[in-house]
Amino acid sequence: QVQLVESGGGLVQAGGSLSLSCAASGSIKSIIVMAWYRQAPGNERELVASITSAGSTNYADSVKGRSTISRDNAKNTVYLQMNSLNPEDTAVYYCKMSVSSPRWGTYWGQGTQVTVSS
(Lines give C-alpha, C1' and ligand atoms only; values in the text may rest on other atoms or scores of the structure.)
Protein backbone atom coordinates (compact mmCIF):
# COMPACT_ATOMS: atom_id res chain seq x y z
CA GLN A 1 0.00 0.00 0.00
CA VAL A 2 1.18 3.50 -0.84
CA GLN A 3 0.41 6.57 1.22
CA LEU A 4 0.96 10.22 0.38
CA VAL A 5 1.34 12.80 3.12
CA GLU A 6 1.24 16.50 2.33
CA SER A 7 2.51 19.37 4.39
CA GLY A 8 3.09 23.09 4.14
CA GLY A 9 -0.37 24.56 3.76
CA GLY A 10 -1.61 27.48 5.78
CA LEU A 11 -2.64 31.12 5.76
CA VAL A 12 -0.64 33.53 3.64
CA GLN A 13 -1.08 37.18 2.77
CA ALA A 14 -1.53 38.18 -0.82
CA GLY A 15 1.82 38.64 -2.49
CA GLY A 16 3.43 36.09 -0.23
CA SER A 17 4.94 32.68 -0.91
CA LEU A 18 4.26 29.14 0.14
CA SER A 19 6.01 25.83 -0.18
CA LEU A 20 4.18 22.53 -0.20
CA SER A 21 5.65 19.06 0.01
CA CYS A 22 4.24 15.59 -0.44
CA ALA A 23 6.05 12.42 0.54
CA ALA A 24 5.10 8.94 -0.60
CA SER A 25 5.72 5.90 1.56
CA GLY A 26 5.09 2.19 1.29
CA SER A 27 6.07 -0.40 -1.24
CA ILE A 28 7.31 1.78 -4.09
CA LYS A 29 9.22 0.62 -7.12
CA SER A 30 9.08 3.82 -9.15
CA ILE A 31 7.05 6.98 -9.54
CA ILE A 32 6.53 8.18 -13.07
CA VAL A 33 4.47 11.32 -12.58
CA MET A 34 4.07 13.54 -9.55
CA ALA A 35 1.55 16.32 -9.63
CA TRP A 36 -0.27 18.95 -7.64
CA TYR A 37 -3.97 19.65 -8.03
CA ARG A 38 -6.21 22.10 -6.23
CA GLN A 39 -9.88 22.46 -5.58
CA ALA A 40 -11.58 25.65 -4.50
CA PRO A 41 -15.10 25.62 -3.01
CA GLY A 42 -17.67 25.13 -5.74
CA ASN A 43 -15.01 24.37 -8.35
CA GLU A 44 -13.73 21.20 -9.92
CA ARG A 45 -10.32 19.86 -9.01
CA GLU A 46 -7.76 21.26 -11.42
CA LEU A 47 -4.18 20.51 -12.28
CA VAL A 48 -1.67 23.01 -10.93
CA ALA A 49 1.59 21.44 -12.03
CA SER A 50 3.15 18.09 -12.83
CA ILE A 51 6.62 16.64 -13.20
CA THR A 52 7.73 13.40 -14.79
CA SER A 53 10.54 11.13 -13.70
CA ALA A 54 12.64 12.67 -16.47
CA GLY A 55 12.09 16.12 -15.02
CA SER A 56 9.65 17.40 -17.61
CA THR A 57 7.25 19.90 -16.08
CA ASN A 58 3.84 21.26 -16.95
CA TYR A 59 2.02 24.18 -15.34
CA ALA A 60 -1.47 25.57 -15.42
CA ASP A 61 -1.59 28.97 -17.07
CA SER A 62 -2.86 30.49 -13.85
CA VAL A 63 0.35 29.65 -11.96
CA LYS A 64 2.91 29.65 -14.76
CA GLY A 65 5.83 31.93 -14.08
CA ARG A 66 5.26 32.15 -10.35
CA SER A 67 5.34 28.48 -9.35
CA THR A 68 7.98 25.77 -9.42
CA ILE A 69 7.40 22.06 -9.08
CA SER A 70 10.34 19.82 -8.21
CA ARG A 71 10.94 16.31 -6.99
CA ASP A 72 13.43 14.32 -4.96
CA ASN A 73 13.35 10.78 -6.27
CA ALA A 74 15.48 9.44 -3.43
CA LYS A 75 12.88 10.69 -0.97
CA ASN A 76 9.81 9.98 -3.14
CA THR A 77 8.83 13.56 -2.52
CA VAL A 78 7.37 16.30 -4.66
CA TYR A 79 7.49 20.00 -3.86
CA LEU A 80 5.55 23.02 -5.01
CA GLN A 81 6.87 26.52 -4.49
CA MET A 82 4.32 29.25 -5.17
CA ASN A 83 5.10 32.96 -5.22
CA SER A 84 3.06 36.11 -5.66
CA LEU A 85 0.03 34.40 -4.18
CA ASN A 86 -3.39 35.94 -4.64
CA PRO A 87 -6.81 35.14 -3.14
CA GLU A 88 -7.70 33.12 -6.25
CA ASP A 89 -5.04 30.63 -5.17
CA THR A 90 -7.09 29.75 -2.10
CA ALA A 91 -7.98 26.07 -2.30
CA VAL A 92 -7.27 22.64 -0.94
CA TYR A 93 -4.11 21.40 -2.60
CA TYR A 94 -3.71 17.70 -3.33
CA CYS A 95 -0.72 15.76 -4.54
CA LYS A 96 -1.14 12.87 -6.91
CA MET A 97 1.37 10.25 -7.94
CA SER A 98 1.44 7.47 -10.50
CA VAL A 99 3.27 4.72 -8.65
CA SER A 100 4.56 1.28 -9.47
CA SER A 101 4.44 -0.85 -6.33
CA PRO A 102 5.01 -2.95 -8.43
CA ARG A 103 1.51 -2.68 -9.94
CA TRP A 104 0.76 0.72 -11.36
CA GLY A 105 -1.69 2.77 -9.42
CA THR A 106 -2.72 6.37 -8.88
CA TYR A 107 -2.62 7.71 -5.37
CA TRP A 108 -3.83 10.95 -3.82
CA GLY A 109 -2.82 12.79 -0.71
CA GLN A 110 -5.34 13.89 1.87
CA GLY A 111 -5.13 17.53 0.87
CA THR A 112 -3.76 20.61 2.55
CA GLN A 113 -5.58 23.93 2.84
CA VAL A 114 -4.00 27.04 1.41
CA THR A 115 -5.73 30.31 2.21
CA VAL A 116 -4.56 33.60 0.77
CA SER A 117 -5.87 36.70 2.47
CA SER A 118 -6.22 39.99 0.65
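Residues numbered from 1 in each chain as written. Predicted model: local features only at pLDDT ≥ 70, side-chain atom pairs only at ≥ 80, totals over all residues. Heavy atoms only, no water.

Draft legend 1. Geometry of the overall build of the protein chain. Helices and strands together make up the secondary structure of the protein chain, namely zero helices and 11 strands. Here the C-alpha radius of gyration of the protein chain, 14 Å, is about what a compact globule of 118 residues would show, namely 13 Å. Its C-alpha atoms give the protein chain principal-axis dimensions of roughly 45 × 25 × 25 Å. Relative to its 118 residues, the protein chain shows a buried fraction of 42%. Here the protein chain has roughly 6,100 Å² of accessible surface; of this, 47% comes from carbon and sulfur atoms. (Helix = DSSP H or I, 4+ residues; strand = E, 2+ residues; numbered from the N terminus. Rg over C-alpha atoms; globule rule 2.2 N^0.38 Å. Buried < 20%, exposed > 50% of the residue type's maximum accessible area, 1.4 Å probe, protein only. Areas by Shrake-Rupley, 256 points an atom, 1.4 Å probe, with all protein chains shown as cover.)

Draft legend 2. Seen up close, the pattern of salt bridges. Considering all chains together, one arrives at four salt bridges under this definition. Of the charged contacts, one joins Asp-89 and Arg-66 as a salt bridge, the two residues approaching to 2.8 Å between their closest N and O atoms. Here Asp-89, found in the loop between strand E8 (77-82) and strand E9 (91-100), pairs with Arg-66, found in the loop between strand E6 (57-59) and strand E7 (67-72); they are 23 residues apart in sequence, far enough to count as distant. Accessibility assignment for this pair places Asp-89 and Arg-66 in one class, buried. Each of Arg-38, Glu-46, Arg-66 and Asp-89 takes part in salt bridges that share partners, so that together they form one network. (Salt bridge = Lys/Arg side-chain N within 4 Å of Asp/Glu carboxyl O.)

Draft legend 3. Spotlight on the packing of aromatic side chains. Throughout the structure, instances matching the rule amount to two aromatic pairs. Between Tyr-94 and Trp-108, the ring centres sit 6.4 Å apart and the planes meet at 85 degrees, which makes this aromatic pair edge-to-face. Taken together, the positions of Tyr-94 in strand E9 and Trp-108 in strand E10 (residues 104-108) put the pair 14 residues apart, joining distant regions of the chain. By relative accessible area, Tyr-94 is classed as buried at 14%. Here the aromatic residues Tyr-37, Tyr-94 and Trp-108 are joined through ring pairs into a cluster of three or more. Of note, Arg-45 hangs over the ring of Tyr-94, and the distance from its end group to the ring centre comes to 3.7 Å. Here Arg-45 stacks its cationic end above the ring of Trp-108, 4.7 Å away from the centre of that ring. (Phe/Tyr/Trp six-rings, centres within 6.5 Å; stacked < 30°, edge-to-face > 60°. Lys NZ or Arg CZ within 6 Å of the ring centre and 35° of its normal.)

Draft legend 4. Just the side chain of Asp-89, in detail. Overall, the relative accessible area of 1% leaves Asp-89 in the buried class. At 2.8 Å, the side chain of Asp-89 and the side chain of Arg-66 are in polar contact. (Polar contact = N/O pair within 3.5 Å; in protein donor to acceptor, adjacent residues only side chain to side chain.)

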